[in-house]
Amino acid sequence: MNDRDYDDPGRPRGRPGQRADRARGAQEHPRARRGDPGGSGTTRSGTTRSGTARGGTTRSGTARGGTARGGTAQGRGQSRTARGYGSRYRDRDDLDDYDYDGVDDFHDVDGLDDAVAQGRRVYRPGGTPRGSGAGRGRPARGGGRAGGGRRPPRPTVRRNYRLGSPRRRLRVTIVFMCALLGVLALRLTQLQGFSASTYAAQAEAERLRMIVLPAVRGAITDRSGHTLAQHVELRAIYANPTSVKDVGATARKLAPVLDDSVAELTTRLTDPTKHIKFVYLARGLTPDVAKKVSALQLHGIGITEERGRTYPAGPLAANVVGFMRRGDGDVLKGAGGLELAYDKVLRGTDGQRVLEADPEGIKIPSGHDRQRDPVPGSALRLTLDRDIQWNAQQAIADAVRSSEADGGTVVVMDPRTGDILAMADAPEFDPRNILPQDEASLGNRSTSDAYEPGSVNKVITMAAALDRGLITSETPLTIPPSIIRGGVRIKDSEEHGVEHLTTAGVLARSSNIGTVEIAERVGRPALEQALRAFGLGAKTGLHFPGEGTGLLPAAKDWSGSQAATISYGQGMSATALQMASVYATVANGGVRVPPRLVDAITGPDGTVQVTPHLPGQRVISAQTASTLSRMLEAVATNEGTAPLAEVPGYRVAGKTGTANRADPVHGGYQGYVSSFIGFAPADDAKVVVEVVLDNPKKGYFGGQVAAPVFQGVMSFALTTLGVPQPTTKPSPLRLDLDK
């Protein structure tokens, strides 16, 4: 049968020429009205529909493949099922609902007759739907049969959608799962294979606790074994704030034991971040205090050992022994003096204890525990004498106070060995309790502070001239009131007219003019050579931290005035230890021995290693040294500049020094540096003593403020060392030719 397009007043009209493709004679329109109020009964099993239209007009279609005359559409070749149409019409609210039979009914023509016979109403292509066409009094469109009305509504074309293949989804799922399993396998391989040791180490590190076992630091003693510094067992009290259950109660119990306030301890025990697991509550405690804390059995409170250093003698030799400070990692290490210079020798090797602990730091009883014992450090035995050091410190401290000097230093040496018996500074400090105002006193003046030595340097000029045979002790010299060198007027410390002195008299009276005249006989290169031979311009070889070299320009760079002033110790600089070494060379018969401070090193196994004495170097001849000693002996008499340096019963040789003080802040000179250096007994020297006062305000001549300090220190040293009084008498020297 030919299918035709029908107009449906309840749906939009299709595009012109658009048709529904249906197989001819193979499909009926599935719309059937149920409960039609205006029509007759409907037979649903057949393919032929005959009924009475509303309005009294009867419309009949063509049975079995006939073509509706009132229609204009041709049959379509596409076959549709009645069920498909039914679904579309049931979905529209403006259309009637139709019941339909299966596809088999549409293909069975005989079934249509049976449906009609049974009184069922069916719809078939080409028929006129109820309520359309002439039944409503409207003329039929086209050239259809009489009684034909408007075209029946064109059914909506149902598109067939092909379902996706489940095999594709299955393949995608399998590929995704394989990729995911591959990633997991690679990660597991990395964790269990390549990185297994790394993660195992990290896990072990979280469980293990390493405790440093501090090594016993080596002691420092004087030459007789008296302790100047030693190791002491100390304890530190710490807390794990995350483990402290009752902060207030814990603080109240600890306060009287630690001698601290409850408020301060409460602050330290309180952790607002909940992440701090270690905080010190007190340090440097004795083992007895630690036992009291342990007896309290407070949760979250621990005790640990720590390095300790004590100085039984307090400030005694503090400028030499040095002091300790905590460095990186809270490690106690040497920060000055011998504590710094011999830190590696003294500190030894720390031990280590490794144990397993829970997250709160409590040791696991069945956990693995291993320990490496610490190796103690070596001990130092110094050349210092405790008693002589103490006397020197007292003497220089009193002199600084009485003269209102900025500071002072004393050096005591054995000229034969170079051993330093004392190096005392003022002001001093206590290494057990270093205060902020002590910062300027933490160094060692004897080795670090350079000063212009002044007249004590004249002994080198005399030695250079004597050793070259240019003068003797009785060579006459004419000393005018002043001289001019390099445009600078040079005069002596005291005004005088023309004097006639011997070489010994020039040294005893400390004449600057006479010394310049002798230096001009020596010449600049020879004088520089002599100065350097005595050790000026270079370190002494003591290897003390912060040791200075002084300043000695080359002779070719000396100006006219500087060539004159250097001969009597101005225009150059030296340290106190360097100048003490100069006089020790003269006292030792002209042989210079490097100074020595560490006598021996005792290892942790008790092995004693004596520090060797370095070989001496001859600077001047023995005859020159003897002549100089006799000339210097005249200084410490009533005819010289330092009668206050005399030591009853001993022959003393020495020289005073009063030099202009260089001002490091404003430049130029301001104030004075007063000094005295000498040795005794003069004919067989056992001790060299040097005294230097920096910028004294009450008196500044060396023979006035420094010589008395020398006398006191020398007397005590000779007595302490048991040096017998000499039986020889000095040979007389003529000093003034005018007398």
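Above this text is the structure in question.
Residues numbered from 1 in each chain as written. Predicted model: local features only at pLDDT ≥ 70, side-chain atom pairs only at ≥ 80, totals over all residues. Heavy atoms only, no water.

(A) Inspection of the pattern of salt bridges at higher detail. A complete count under the given rule lists 30 salt bridges for this structure. A salt bridge links Asp557 to Lys556, with the nearest nitrogen and oxygen atoms 3.5 Å apart. Its salt-bridge partner being Asp599, residue Arg596 comes within 2.6 Å of it at the nearest N-O pair. Accessibility classification places Arg596 together with Asp599 in one group, the buried group. Because the salt bridges share partners, they merge into one network encompassing Arg217, Arg309, Glu339, Asp343 and Arg347. (Salt bridge = Lys/Arg side-chain N within 4 Å of Asp/Glu carboxyl O. Buried < 20%, exposed > 50% of the residue type's maximum accessible area, 1.4 Å probe, protein only.)

(B) Highlighting the sheet that holds strand β5 (residues 227-231). Taken together, 6 strands build an open sheet; the order of strands is β9-β5-β4-β14-β24-β25 and the sheet is mixed. Two strands in the sheet have a free side with no partner beyond their single neighbour: β9 (309-310) and β25 (608-610). Here β5 pairs with β9 via 2 bridges, running antiparallel. Bridged to His231 within β9 is Arg309. (Pairing = 2+ DSSP bridges. Helix = DSSP H or I, 4+ residues; strand = E, 2+ residues; numbered from the N terminus.)

(C) Summary view of the nonpolar core. Counting 89 residues, the largest nonpolar core has Leu382, Leu536, Tyr583, Leu597 and Phe679 as its most contacted members. Sort the elements by how many residues they give to this core and helix α19 (residues 576-587) lands first, with 9 residues. Residues Ala392, Val689, Leu693 and Met714 belong to the second largest nonpolar core, which totals 37 residues. (Core = buried A, V, L, I, M, F, W, Y, C linked by side-chain atoms within 4.5 Å.)

(D) Representation of the environment of Glu206 within the structure. Structurally, Glu206 is set in helix α5 (residues 196-207). For Glu206, a relative accessible area of 62% corresponds to the exposed category. Sequence-wise, Glu206 and Ala357 are 151 residues apart; in three dimensions their C-alpha atoms are separated by 8.8 Å.

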